[in-house]
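Read off the chains here:
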Amino acid sequence: MDRAVRALLAALAALLAVNPALALLGPAGVNGCHIAALALAAAFLARGRGRVCDLRSPRSRWILLGAPALVAALAAAPTLAFPYFSDDWAHLRFHGLRPHPFDALLNPSKGEMWFRPVVWVLWWFLGRFAPTDAAAGHILCTILFAANAALAGPVLRRLGAPRGLSFAGALLFAAHPSGLDTAAWITNAELLLSTGFAWAALLCIPPRGASAGRVAGAAALCALSVLSKETIYPIVGVAFLAGCRGRLGRWRAGVRAAMPFAAVVGSGFVARWAFLGGFGGYVDPITGKKMLSAETLATAAEAFATDLPARSWLPVRPGVGPWVEGIASALPVAALAFLPARAAARRGLVVGGAVFLLLLATTLPKFPLDPYLTHVRHLYAPGIGLSLLWAFAGAGRLRWAIPAAALAASLGIGQWNLGAYRRAAQAIEVAAQASSAELAKLPQKSQIAIYGLPDLIEGVQSELEFALPALAGRRDLEPTALYSAVFDVDALFRMDWESKQLVDWSNPAPARRLQAGESLVFSLPADREPFPLQFPQAAETLHPAAKRVGERQGEQVALPVLDLSGVGRVRVHVEGLVLWPDGTKQSAPPLLTWRKDGKIHRSPVPPDAWLDVPAGATWLRVEALALASPASAIHSISVEAQPK
């Protein structure tokens with residue numbers, strides 16, 4: 001029986017490893033192998049008996065706590081030279097410029113999506129004392145990461161793991177790629193804080209009984225965790241496991257331990273509702289719809305079928321090649337083949353798997369945002385359960401061999417993933433140098449928009465529309481995101497990456513005059529104007545629904561600028577399919593951009609409807625976000641004109 005089960009697990013691992021070459025399995029097949037292997041191992045290990053196996057570990061408490069912290073700090077050391085990224089710039093602008101650190105709590109912005117007052121205070125200090133230099137923020141994230149790694153071992157002990165396995169699990173948690181990805185981005189301080197406070201709260205639960213002071217301490221720390229990032233709510237289930245030390249027969253102790261956590265989490269949701277007027281979630285900038293909705297939950301189920309659990313074990317960014325992905329996917333199944341049929345393995349599989357799945361639940365609504373798991377930071381908190389599984393894999397014949405191999409692989413993958421941040425940092429530096437002179441010329445409090453700013457490599461969004469004014473010393477400028485459907489600005493710029501220049505595009509020379517009664521037909525791609533895409537990645541990254549309709553590439557289509565002299569009304573017709581506004585497969589309205597009274601205006605146009613040309617408008621441009629694959633490309637765009 002033992003040999004047969006191990007042989008079957010080894011065969012599943014081999015099938016996963018060679019899948020890229022043989023192309024036998026799709027994503028659902030890969031996950032099917034994983035689920036079958038986990039079920040088979042769980043059923044087999046449930047019959048295990050015997051003494052709990054442990055790994056040899058140091059006896060010194062300082063080493064047990066300090067070694068994981070040191071691994072985390074050394075792994076994150078390269079991030080200290082990184083600039084602010086993506087949402088960092090938005091936080092610096094919206095929270096860093098407030099009159100006092102609690103203003104965001106007392107006066108939340110209209111449309112505020114999350115209730116995270118602890119982190120809002122942090123961004124106020126960074127915005128006041130480090131508005132462009134990110135060193136302080138990265139130092140803070142590294143310290144928080146190291147502190148969380150130090151707490152990981154005691155937390156695993158509290159969950160019922162032996163000393164040596166808890167130590168190994170803490171080392172693996174410190175080395176997991178999701179931890180490094182989290183620490184590299186200052187916006188993730190909210191996740192680092194919420195996880196750290198949650199770990200500390202779990203440690204307030206004593207093995208036997210609980211004084212009023214202990215309960216109050218756990219509740220206070222849990223409150224700080226929830227007010228840092230509310231997605232830590234599965235901590236209630238983890239607290240239950242900690243209370244019963246991973247043994248369901250002690251469920252009463254688990255319930256007692258979880259009660260203060262449940263009360264705090266419930267109060268946190270009530271507070272969010274009271275301060276922000278509803279639970280909500282991320283708001284799509286184009287449609288205005290909440291992304292945490294039934295549609296998002298549906299895509300979460302799809303993400304589970306395509307990305308989980310295979311990619312969650314050793315998360316890597318795109319571009320590593322099918323063989324690397326296949327081998328990384330095969331490793332956890334291969335490890336299960338060596339798990340001993342003992343109490344240690346059984347308890348490790350149950351407890352580690354339960355913690356992993358509990359905390360993983362919060363990430364499911366976010367996976368559709370990034371179908372290639374480039375946001376591996378979402379696996380940061382679930383990584384503690386995953387690390388326990390890897391540590392227990394060594395509690396047999398191989399001892400430290402499996403955890404040591406996982407440690408080395410995790411560190412290597414984590415450092416390799418940092419390449420995306422390095423490339424993003426270089427692009428930000430180039431953009432800042434190219435734009436500072438032009439932005440310095442603008443009048444005070446001008447509203448601007450900049451075309452051609454990319455969604456930087458592999459999920460590290462730039463938010464350069466906020467970054468460039470700050471880096472140019474012009475925090476008074478008000479940038480507008482181009483993916484907003486409607487805006488009015490004073491100046492419109494285009495980033496030319498080849499010449500490394502910011503080009504003022506506020507007064508372009510029209511390419512041709514649009515005559516009254518004329519119908520112009522622009523065939524694509526021949527007649528389109530070269531136009532940088534705001535998001536150069538695949539359309540499925542921008543709108544996950546594109547993946548559901550089988551499309552791959554995205555393109556921003558822009559027609560030449562038209563002179564509107566003598567034109568009263570225009571009508572635009574798109575022949576083909578475009579991705580707008582929610583990623584569904586449909587024809588949809590393009591956007592019109594025109595100049596009037598010194599302002600640049602932008603607005604969507606209903607399909608095939610006549611639009612009155614604003615009096616005084618001097619020129620017009622048509623653009624659309626399109627699927628560029630041959631099956632659904634935009635074939636042509638026609639513009640008709642009627643006299644005034």
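Scoring rules and cut-offs
- Along each chain, numbering runs from 1 in the same order as the chain's sequence is written.
- Two thresholds apply to this predicted model, a pLDDT of at least 70 for residue-level local features and 80 or more for giving and counting side-chain atom pairs, whereas whole-chain, interface and lining totals are computed over all residues.
- Side-chain figures throughout are based on the complete set of non-hydrogen atoms in the structure, without hydrogens or water.
- Under the scheme used here, helices are H or I runs from DSSP no shorter than 4 residues and strands are E runs no shorter than 2 residues, and both carry numbers assigned from the N terminus.
- Whether a residue is buried, partly exposed or exposed follows from its accessible area with a 1.4 Å probe, protein chains only, as a fraction of its type maximum: under 20%, in between, or over 50%, in that order.
- Each accessible area is a Shrake-Rupley estimate made with a 1.4 Å probe; only the visible protein chains count as cover when residues are assessed.
- Take the number of residues in a helix, subtract one, and multiply by 1.5 Å to get its expected span.
- Here a residue-residue contact requires only that any non-hydrogen atoms of the pair lie within 4.5 Å.
- Among the buried residues, those of types Ala, Val, Leu, Ile, Met, Phe, Trp, Tyr and Cys that are joined through side-chain atoms within 4.5 Å form a nonpolar core.
- Orientation is described by lines fitted to C-alpha atoms, with helices fitted over the stretch in contact, and by angles between N-to-C directions that extend from 0 to 180 degrees.
- The cut-offs work like this: below 35 degrees is roughly parallel, past 145 is roughly antiparallel, 65 to 115 is roughly perpendicular, and the gaps in between are oblique.
- Take the far helix as the reference: if the near one is turned anticlockwise from it by less than a right angle, the crossing is left-handed, and if turned clockwise, right-handed.
- Residues are grouped as follows: Ala, Val, Leu, Ile, Met, Phe, Trp, Tyr, Cys and Pro are nonpolar; Asp, Glu, Lys and Arg are charged; all remaining types, including Gly, are polar.
- One requirement defines pairing of two strands: DSSP has to find at least two bridges between them.
- Note on definitions: salt bridges are taken to be side-chain nitrogens of Lys or Arg within 4 Å of carboxyl oxygens of Asp or Glu.
- A pair of Phe, Tyr and Trp rings is counted when the ring centres sit within 6.5 Å of each other, with Trp represented by its six-membered ring. The angle between the planes then sorts it: under 30 degrees is stacked, over 60 is edge-to-face, the rest tilted.
- Scored from 0 to 100, pLDDT reflects the predictor's confidence in each residue.

Draft legend 1. Spotlight on the overall build of the chain. In terms of helices and strands, the chain carries 22 helices and 17 strands. Out of the 644 residues belonging to the chain, those deemed buried represent 54%. Carbon together with sulfur atoms contributes 63% to the accessible area of the chain, which is approximately 26,000 Å² in total.

Draft legend 2. Spotlight on helix α10 (residues 189–203). Under the 1.5 Å per step criterion, the end-to-end length of α10 is 21 Å for 15 residues, consistent within 8% with the ideal 21 Å. The element α10 is extensively covered by neighbouring structure, given that 13 of its 15 residues are classed as buried.

Draft legend 3. Expanded view of the side chain of Arg116. With respect to the helices and strands, the residue Arg116 is situated in the loop between α5 (103–106) and α6 (117–129). Taking the relative accessible area as the measure of exposure, Arg116 reaches 4% and is therefore buried. Residues within four places of Arg116 in sequence aside, it is in contact with Glu190, Leu227, Ser228, Lys229 and Glu230.

Draft legend 4. Summary view of the nonpolar core. In terms of nonpolar packing, the biggest core is built from 111 residues, with Leu202 and Ile235 touching the most fellow members. At 11 residues, the largest contribution of residues to this core is made by helix α19 (residues 401–440). Non-local contacts of Leu202, meaning those with residues more than four positions away in its chain, are made with Val155, Arg158, Ile235, Val238, Ala239, Ala242 and Phe261. Counting 20 residues, the second largest nonpolar core, distinct from the first, contains Leu520, Val572, Val574 and Val605.

Draft legend 5. Highlighting the packing of helix α7 (residues 135–158) against α10. Remark: α7 packs on α10, axes separated minimally by 9 Å, with the N-to-C direction vectors making an angle of 30 degrees. Regarding the angle of α7 to α10, the classification is roughly parallel. Considering the relative orientation of α7 and α10, their crossing is left-handed. Of the residues in α10, those in contact with Cys141, Leu144, Phe145, Asn148, Leu151, Pro154, Val155 and Arg158 of α7 are Ala189, Leu192, Leu193, Thr195, Gly196, Trp199, Ala200, Leu202 and Leu203. A class-by-class count of the residues in the contact of α7 with α10 yields 13 nonpolar, three polar and one charged.

Draft legend 6. Structural view of the pairing of strand β5 (residues 501–504). For strand β4 (residues 491–496) and β5, the ladder comprises four bridges, and the chain directions are antiparallel. The residue of β5 that forms the bridge with Arg494 is Val503.

Draft legend 7. Structural detail: the pattern of salt bridges. Counted by the stated rule, this structure contains eight salt bridges. A salt bridge links Glu190 to Lys229; the shortest N-O distance between them is 3.8 Å. Of this pair, Glu190 sits in helix α10 while Lys229 sits in the loop between α11 (212–228) and α12 (235–243), and the two are 39 residues apart along the sequence. Like Glu190, the residue Lys229 is buried in the burial classification. In this structure, the salt-bridge partner of Glu438 is Lys441, at a minimum N-O distance of 3.5 Å. Of the residues examined, Glu438 reaches a relative accessible area of 24% and is grouped as partly exposed. Linked through salt bridges whose partners overlap, the residues forming this network are Arg116, Glu190, Lys229 and Glu230.

Draft legend 8. Structural view of the packing of α19 against helix α20 (residues 464–471). Running from N to C, α19 and α20 cross one another at 60 degrees; their axes reach a closest spacing of 8 Å. Accordingly, the angle class assigned to the pair α19 and α20 is oblique. As for the relative orientation of α19 and α20, their crossing is right-handed in sense. Along the contact surface, α19 presents Ile428, Ala431, Ala432, Ser435 and Leu439, while α20 presents Leu464, Leu468, Pro469 and Leu471. Among the residues making up the contact of α19 with α20, the classes are represented as eight nonpolar, one polar and no charged.

Draft legend 9. Up close: the environment of Ser436. Among the secondary structure elements, Ser436 is positioned in helix α19. Between the alpha carbons of Ser436 and Leu471 there is a distance of 7.5 Å; along the sequence they are 35 residues apart.

Draft legend 10. Fine view of the packing of aromatic side chains. Following the criterion strictly, the structure yields 15 aromatic pairs and no others. Plain terms: the ring middles of Trp505 and Trp619 are 5.9 Å apart, the flat faces sit at 80 degrees to each other, and that makes the pair edge-to-face. A residue pair is termed long-range when its members are at least 10 positions apart, and Trp505 in the loop between β5 and β6 (512–513) and Trp619 in strand β16 (residues 619–627) qualify at 114 residues. Residues Trp505 and Trp619 agree in their burial class; the two are buried. Taken together, the ring pairs connect Phe145, Phe173, Trp199 and Tyr380 into an aromatic cluster.

Draft legend 11. Quick peek at the confidence of the model for the chain. With 72% of its residues at a pLDDT of 70 or more, the chain shows a mean pLDDT of 76. The low-confidence segment residues 367–374 (pLDDT under 50) makes 32 contacts with residues lying over four places distant or belonging to another chain. For residues 627–632, every residue scores under 50 in pLDDT, and the model assigns this stretch 18 contacts once sequence neighbours within four places are set aside.

Draft legend 12. Up close: α6. Over its 13 residues, α6 runs 19 Å from end to end, which matches the ideal 18 Å to within 8%, given 1.5 Å per residue. Residues of α6 that are buried: Pro117, Val119, Trp120, Val121, Leu122, Trp123, Trp124, Leu126 and Gly127. Buried residues along α6 sit in contact with α4 (87–94), α5, α7, α10 and α11.

Draft legend 13. Highlighting unusual backbone geometry. Its identity is not glycine, yet Ser86 carries a phi of approximately 35 degrees, on the positive side. Considering the arrangement of structural elements, one finds Ser86 in the loop between α3 (61–76) and α4. Residue classification places Ser86 among the buried residues on the basis of a relative accessible area of 0%. Even without being a glycine, Asp597 presents a positive backbone phi close to 55 degrees. Along the chain, Asp597 falls in the loop between β13 (591–596) and β14 (599–604).

Draft legend 14. A look at the sheet that holds strand β1 (residues 447–451). If you trace the four strands from one edge of the open sheet to the other, you get β2-β1-β4-β5, paired in mixed fashion. With partners counted over all chains shown, the strands left at the sheet margins are β2 (478–479) and β5, one partner each.

Draft legend 15. Seen up close, the pairing of β14. By the bridge criterion, three bridges tie strand β3 (residues 487–489) to β14 in an arrangement that is antiparallel. Residue pairing for β14: Val489 is matched across the bridge by Ile600. Counting the residues in the hairpin turn of β13 and β14 gives two residues, including Asp597, whose phi is positive at 55 degrees.

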